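# Chain and residue survey
Residues per chain, in single letters:
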Amino acid sequence: MNRLKEEGTGRDPHYGLGWGLPGLGRGTPSSASSFGHAGATGSLLVVDPAYDLVFVHLRNDWGASMRASDEVLQAVYGALVP
C-alpha cells in the first residue's frame with residue numbers, strides 16, 4: 001500500500017485539510033451554516049454565511065495555542081450578535 005508523504009521531507013503527514021462544523025468547538029454563537037478550519041500554527045479560518053462573515057486569523061507559530069485566535073473571534077461575534 002502506497003502512503004502519501006510530506007512534500008520535501010518524506011515524513012508521514014500528521015495534518016490535513018478538514019472543515020469543522022458549526023461552533024467549531026470554540027463556544028462562538030456561529031450559525032448552523034458556518035464552517036472553518038484551524039491550523040497547527042495557530043491560524044483560524046471561519047466562514048459564516050448567516051452573518052456574511054469570513055474571519056481569517058493568520059499566525060506562523062508551530063504548535064501555538066488557539067487562545068489568541070479564539071479571543072479575536074469571540075470579539076468579532078460580540079460585535080455582530082446582540
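Residues numbered from 1 in each chain as written. Predicted model: local features only at pLDDT ≥ 70, side-chain atom pairs only at ≥ 80, totals over all residues. Heavy atoms only, no water.

With that settled, consider the packing of aromatic side chains. Counted according to the given criterion, the structure contains one aromatic pair. Between Y51 and Y77 the ring centres are 5.6 Å apart and the planes differ by 80°, which places this aromatic pair in the edge-to-face class. Here Y51 is found in the loop between β2 (44-48) and β3 (53-57), whereas its partner Y77 is found in helix α1 (residues 67-80), with 26 residues between them in sequence. The buried category is assigned to Y77, whose relative accessible area is 1%. (Phe/Tyr/Trp six-rings, centres within 6.5 Å; stacked < 30°, edge-to-face > 60°. Helix = DSSP H or I, 4+ residues; strand = E, 2+ residues; numbered from the N terminus. Buried < 20%, exposed > 50% of the residue type's maximum accessible area, 1.4 Å probe, protein only.)

On to the pattern of salt bridges. All chains considered together, the criterion is met by two salt bridges. Across the salt bridge formed by R59 and D61, the nearest N and O atoms sit 3.5 Å from each other. Relative accessible area serves as the criterion here: at 39%, D61 is assigned to the partly exposed category. The partner of E71 in a salt bridge is R67, and the shortest N-O contact between them spans 2.9 Å. (Salt bridge = Lys/Arg side-chain N within 4 Å of Asp/Glu carboxyl O.)

Attention shifts here to the nonpolar core. In this structure, L44, V46, L53, F55, M66, L73 and Y77 together form the largest nonpolar core, which totals seven residues. Listed by contribution, the elements that provide at least two residues to this core are β2, β3 and α1. F55 has contacts with L44, L45, V46, S69, V72, L73 and V76, leaving out every residue within four places of it along the chain. (Core = buried A, V, L, I, M, F, W, Y, C linked by side-chain atoms within 4.5 Å. Contact = heavy atoms within 4.5 Å.)

Turning next to the sheet that holds β2. Reading across from one edge, β1-β2-β3 is the order of the three strands in this open sheet, with antiparallel pairing throughout. Each of the sheet's edge strands pairs with one partner strand only, and the pair in question is β1 (35-38) and β3. Strand-to-strand twist in this sheet, taken as the mean axis angle between neighbours without regard to direction, amounts to 0°. Bridge count for β2 against β3 is five bridges, and the pairing is antiparallel. What sits directly across from L44, in β3, is H57. Along the sheet, α1 contacts β2 and β3; its crossing angle with β3, the most-contacted strand, is approximately 155°. (Pairing = 2+ DSSP bridges. Axes fitted to C-alpha atoms, helices over the stretch in contact; angles between N-to-C directions.)

Here we come to the confidence of the model for the chain. Per-residue confidence for the chain averages 78 on the pLDDT scale, and 78% of its residues sit at or above 70. Element-level pLDDT for the chain is lowest in β1, with a mean of 83, against a maximum mean of 92 in β3. (pLDDT = per-residue confidence, 0-100.)

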